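Given next are the chains, with one letter for each unit.
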Amino acid sequence: MRADQVTDYMHQLGREARQASRVIARATTAVKNQALLAIAEAIEAAHGELIEANQADLQAGRENGLDAAMLDRLALTPARLEAMVEGLRQVAGLDDPVGVIRDMKFLPSGIQVGKMRVPLGVIGIIYESRPNVTVEAASLCLKSGNACILRGGSESIHSNRAIALCIAQGLAEAGLPANVVQVVETTDRQAVGELITMPEFVDVIVPRGGKGLIERISRDAKVPVIKHLDGICHVYVDDRADLGKAEAIALNAKTHRYGVCNAMETLLVHQAVAEQFLPRMADLYASKEVELRGCPATRAIVPQAIPATEEDWSTEYLAPILSIRVVSDMDAAIAHINTYSSQHTDAMVSEDFSRARRFLAEVDSSSVMINASTRFADGFEYGLGAEIGISTDKIHARGPVGLEGLTSEKYVVFGDGHIRQ
């Protein structure tokens, strides 16, 4: 497409999404659930077509030199298709936040005032590689009463088009307009630039991808963005920790999965327990082939650790690499976290309730944990059923963003002929 054609195309998607948002906002829970279940059935029936479309993407990816990790994220296996279907059914089973009214109270004037939860409107979602995000994003937006415009990566275009057909079929069976969920057809990168600068049509952008993508969108968007840039997560082992718990938590937080945003990247250990705790942890990390980078005090205890640099404290490795710092006390641990944390998830291991309360109050992150692995920072694990992403912003949604995070509130007032005196 020419530049002007891309602009026209994206504006047309925006207009159609805005119109569809008014329809889905007033749809009943039963109709939305009917659509979700119909989409699940359509995906089950189209397994063959979806695998075939995905094979076209995988072949193109191999020809274009995509690495093994990217190809793995791109692949739609029978198990992943089943997971997509199960995810749709789970979202259908979740409570619908739309229309919930809370905090109704009578005021001295006689009116009743409360807050009602309402959809955001039109959500633009920009993501890379994984075609299953198309279904996850569509299902969460649909259940929360929002229209959405989905712009997947060019490497998954065939898969996304095939999934879009299933979504359109499910929407039609529920009597909803196809424009409730629109998948951007063009792979032209200009489409992203248009999508994030259409505030007249789009109410919020949710980017899901690498740091470069999210930085670009955060810099250039004229639409509010729900996002996080880094997952520089910490675990602090206090001198009043149960070291058995600390060992399990520190091992799980780092090695359960490496390439995820809620994996621990820095381990902080109180100097009073460092000599007892770190040698055992070093052995456990060595068995997992984790490279250790330590401060001078760490290296005095664990000589195999290489010297940590200033850059290490602010690096999201997403790899089997861990930086370790021995700290003098809890104040030093909190100061380190508040200096280097990306405000994603930080944890403390301690049996001291008062210190735990302080840690919760003073660490400024979207998830703060006591005696638990950072790997729990996830919408499913938090009981949200599913998530659209993680937000480290402080306005509107913070932490895992589920159905409620895709809505806002408005004041509602009930009177009976009341006038202001």
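Residues numbered from 1 in each chain as written. Predicted model: local features only at pLDDT ≥ 70, side-chain atom pairs only at ≥ 80, totals over all residues. Heavy atoms only, no water.

Peer 1: Sorry if this is basic, but what is going on with helix α11 (residues 271-287) here?
Peer 2: Each α-helix winds once per 3.6 residues, and so residues spaced three or four apart point in a common direction. With 17 residues, α11 extends 24 Å from end C-alpha to end C-alpha; this agrees with the ideal 24 Å at 1.5 Å per step. Bending of α11 peaks at approximately 45° at the position of F277, with proline P279 no more than four residues after it. Turning to α11, its buried residues are V273, A274, F277, L278, M281, A282, L284 and Y285. Looking at the buried positions of α11, the neighbouring elements they touch are β7 (233-237), α10 (243-255), β8 (264-270), β9 (291-294), α12 (296-301) and β11 (321-327). Where α11 terminates, the next one or two residues include E289, which has phi positive at roughly 60°. (Helix = DSSP H or I, 4+ residues; strand = E, 2+ residues; numbered from the N terminus. Expected span 1.5 Å × (residues − 1). Bend = angle between axes of the 7 residues up to and from the residue. Buried < 20%, exposed > 50% of the residue type's maximum accessible area, 1.4 Å probe, protein only. Contact = heavy atoms within 4.5 Å.)

Peer 1: Help me understand the side chain of T134, please; the structure alone is not making it clear to me.
Peer 2: Examined against the element boundaries, T134 turns out to sit in helix α6 (residues 132-143). With a relative accessible area of 0%, T134 lands in the buried category. Within the structure, T134 has its side chain in polar contact with the side chain of N160 (distance 2.7 Å). Once residues within four sequence positions are removed from consideration, T134 is found in contact with Y127, L150, N160, I163, I167 and V183. (Polar contact = N/O pair within 3.5 Å; in protein donor to acceptor, adjacent residues only side chain to side chain.)

Peer 1: For this particular structure, what's the right way to read the sheet that holds strand β4 (residues 147-151)?
Peer 2: By definition, the strands of a sheet pair up through backbone hydrogen bonds, in either a parallel or an antiparallel sense. Ordered by their spatial adjacency, four strands build an open sheet running β5-β4-β3-β6, and the pairing between neighbours is parallel. Edge positions in the sheet fall to β5 (181-183) and β6 (204-208), since each has one partner strand and no second. Sheet twist, expressed as the average angle between the axes of neighbouring strands with direction ignored, equals 15°. Bridge analysis of β4 against β5 gives three bridges, and the strand direction is parallel. For I149, the partnering residue across the bridge sits in β5 and is Q182. Contacting β3 (122-127), β4 and β5, helix α1 (residues 3-25) crosses the sheet at an angle of about 145° to β4. Of the strands in this sheet, β3 and β6 are in contact with helix α9 (residues 211-220), which crosses β6 at around 160°. (Pairing = 2+ DSSP bridges. Axes fitted to C-alpha atoms, helices over the stretch in contact; angles between N-to-C directions.)

Peer 1: Sorry, what's going on with the sheet that holds strand β16 (residues 407-414) here?
Peer 2: Spatially, the three strands line up as an open sheet ordered β1-β2-β16, and their pairing is antiparallel. Looking at which strands have only one partner, the edges of the open sheet turn out to be β1 (101-106) and β16. Neighbour to neighbour, the strand axes of the sheet diverge by 20° on average, direction disregarded. Across eight bridges, strand β2 (residues 112-119) lies against β16 in antiparallel orientation. Among the inter-strand pairings, R117 is bridged to a residue of β16, identified as E409.

Peer 1: For this particular structure, what's the right way to read empty space enclosed by the protein?
Peer 2: One simple way to see leftover space: roll a probe sized like a water molecule over the atoms. The full count for this structure, using the stated rule, is one cavity of 30 Å³ or more. In terms of lining residues, the largest cavity is bounded by R151, G152, G153, S154, I157, N160, V183, V184, T186 and T187. Here the residues of the lining of the largest cavity sort into three nonpolar, six polar and one charged. (1 Å grid on protein atoms, 1.4 Å probe; cavity = no way out; pocket = protein on both sides within 12 Å on 5 of 7 lines; lining within 4 Å. Points joined across faces, edges and corners; volume = space filled by probe spheres on them. Nonpolar A, V, L, I, M, F, W, Y, C, P; charged D, E, K, R; others polar.)

Peer 1: Sorry if this is basic, but what is going on with the packing of aromatic side chains here?
Peer 2: Any aromatic ring pair is given by two values, namely how distant the centres are and how the planes are angled relative to each other. Applying the stated rule across the entire model yields zero aromatic pairs. If you follow R325 out to its NZ or CZ, it ends over the ring of W313, 4.4 Å from the centre. (Phe/Tyr/Trp six-rings, centres within 6.5 Å; stacked < 30°, edge-to-face > 60°. Lys NZ or Arg CZ within 6 Å of the ring centre and 35° of its normal.)

Peer 1: I keep staring at the packing of α6 against helix α7 (residues 157-173) and nothing clicks. Help me out?
Peer 2: Any two packed helices are characterised by the angle at which their axes cross and by the distance between the axes. Where α6 meets α7, the axes come as close as 10 Å, and the angle between the chain directions of the two elements is 30°. When the axis of α6 is compared with that of α7, the two are roughly parallel. By crossing handedness, the relation of α6 to α7 is classed as right-handed. Touching T134, V135, A138 and L142 of α6 are N160, I163, I167 and L171, all from α7. Taken together, the residues of the contact of α6 with α7 break down into six nonpolar, two polar and no charged. (Parallel < 35°, antiparallel > 145°, perpendicular 65-115°, else oblique. Left-handed = near helix turned anticlockwise from the far one by under 90°.)

Peer 1: Quick question: what am I supposed to make of the pattern of salt bridges here?
Peer 2: Opposite charge on two side chains lets them pair, provided their charged atoms get close. As enumerated under the stated definition, the model contains 28 salt bridges in all. In this structure, E404 engages R117 in a salt bridge whose closest nitrogen and oxygen atoms are separated by 3.9 Å. Remark: R117 occurs in strand β2 and E404 occurs in the loop between β15 (399-401) and β16; sequence separation between them is 287 residues. For the salt bridge of E136 with R208, the shortest nitrogen-to-oxygen distance reads 3.6 Å. Remark: R208 occurs in strand β6 and E136 occurs in helix α6; sequence separation between them is 72 residues. Judged by its relative accessible area of 17%, R208 is buried. Where salt bridges share partners, they join R102, D103, R117, E404 and E409 into one cluster. (Salt bridge = Lys/Arg side-chain N within 4 Å of Asp/Glu carboxyl O.)

Peer 1: I keep staring at the pairing of β4 and nothing clicks. Help me out?
Peer 2: For a regular strand, side chains alternate in direction, first toward one face of the sheet and then toward the other. Within β4, five of the five residues are buried, which leaves the element mostly enclosed by the surrounding structure. Of the two faces of β4, the one lined by A147, I149 and R151 and the one lined by C148 and L150 are each fully buried. Sheet topology places β3 next to β4; five bridges connect them, and they run parallel. Residue pairing in the sheet places I125 in a bridge with L150 of β4. Taken together, β3, α6 and β4 constitute a β-α-β crossover, and its handedness is right-handed. Where the polypeptide runs from β4 across α7 and back to β5, its parallel neighbour, the crossover connection is right-handed. (Right-handed = clockwise from strand over helix to strand, strands pointing away.)

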